[in-house]
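# Chain and residue survey
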Amino acid sequence: VQVVESGGGLVQPGGSLRLSCAASGNIFAIYTMGWYRQNPGKERERVATISDNGTTTYADSVKGRFTISRDDAKKTVFLQMDSLDPEDTAVYYCNVHLFSGIWGGIRDWWGQGTQVTVSS
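So, here is what we can say about the structure in this document. Quick caveat: nothing in here was measured; it's all calculated off a predicted structure. (Residues numbered from 1 in each chain as written. Predicted model: local features only at pLDDT ≥ 70, side-chain atom pairs only at ≥ 80, totals over all residues. Heavy atoms only, no water.)

### Structural notes on the sheet that holds strand E1 (residues 2-6)
Spatially, 4 strands are ordered E1-E3-E8-E7 in an open sheet, and the strand pairing comes out antiparallel. Each of the sheet's edge strands pairs with one partner strand only, and the pair in question is E1 and strand E7 (66-71). With direction set aside, neighbouring strand axes in the sheet form an average angle of 15 degrees. Pairing of E7 with strand E8 (residues 76-81) involves 6 bridges; the strand directions are antiparallel. Within E8, the position partnered with threonine 67 by the bridge is glutamine 80. (Pairing = 2+ DSSP bridges. Helix = DSSP H or I, 4+ residues; strand = E, 2+ residues; numbered from the N terminus. Axes fitted to C-alpha atoms, helices over the stretch in contact; angles between N-to-C directions.)

See below:
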């Protein structure tokens, strides 16, 4: 199983970015998908999650600005980030909770992370 993020970069305050994360490999079922972020010396924090029935959760700091969505046919989760603030600067990680068969079982898989920098 591989989980690969894309879409990070440098953006000015007030701007927008869209992150994508695609899962591939021996996948039988995908459950919750989510985005987390982390800065050096700080704990990784949950940004947003979306369950297999479409239920979403958001950190208070991003409510009303970020939108999480998924395309199950493409095994992909997205994070639309609007009205970005310098406080949103971090490495963003994708998390996918999935079933990869009798040997892999059910577990979390993480991407390698993508840098988002909000600066003028």
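### Details of the state of the cysteines
Scanning the model with the defined rule gives 1 disulfide in all. Between the sulfur atoms of cysteine 21 and its disulfide partner cysteine 94 the distance amounts to 2.0 Å. Its torsion about the S-S bond being -80 degrees, the disulfide of cysteine 21 and cysteine 94 is classed as left-handed. Remark: cysteine 94 occurs in strand E9 (residues 90-99) and cysteine 21 occurs in strand E3 (residues 17-24); sequence separation between them is 73 residues. With relative accessibility at 1%, the residue cysteine 21 sits in the buried group. (Disulfide = S-S within 2.5 Å. Buried < 20%, exposed > 50% of the residue type's maximum accessible area, 1.4 Å probe, protein only.)

### Re the packing of aromatic side chains
Applying the stated rule across the entire model yields 2 aromatic pairs. Between phenylalanine 28 and phenylalanine 99, the ring centres sit 5.8 Å apart and the planes meet at 50 degrees, which makes this aromatic pair tilted. Residue phenylalanine 28 is found in the loop between E3 and strand E4 (29-38), and its partner phenylalanine 99 is found in strand E9; the two are separated by 71 residues along the sequence. The exposure class assigned to phenylalanine 28 is exposed, which follows from its relative accessible area of 57%. On the basis of relative accessible area, phenylalanine 99 is assigned to the partly exposed category, the value being 27%. A centroid spacing of 5.1 Å and a plane angle of 65 degrees characterise the contact between tyrosine 36 and tryptophan 110, whose relative ring orientation is edge-to-face. One end of the pair, tyrosine 36, is in strand E4; the other, tryptophan 110, is in strand E10 (residues 106-110), and 74 residues separate them in sequence. Sitting over the ring of tyrosine 93, arginine 44 keeps its end group 3.7 Å from the ring centre. (Phe/Tyr/Trp six-rings, centres within 6.5 Å; stacked < 30°, edge-to-face > 60°. Lys NZ or Arg CZ within 6 Å of the ring centre and 35° of its normal.)

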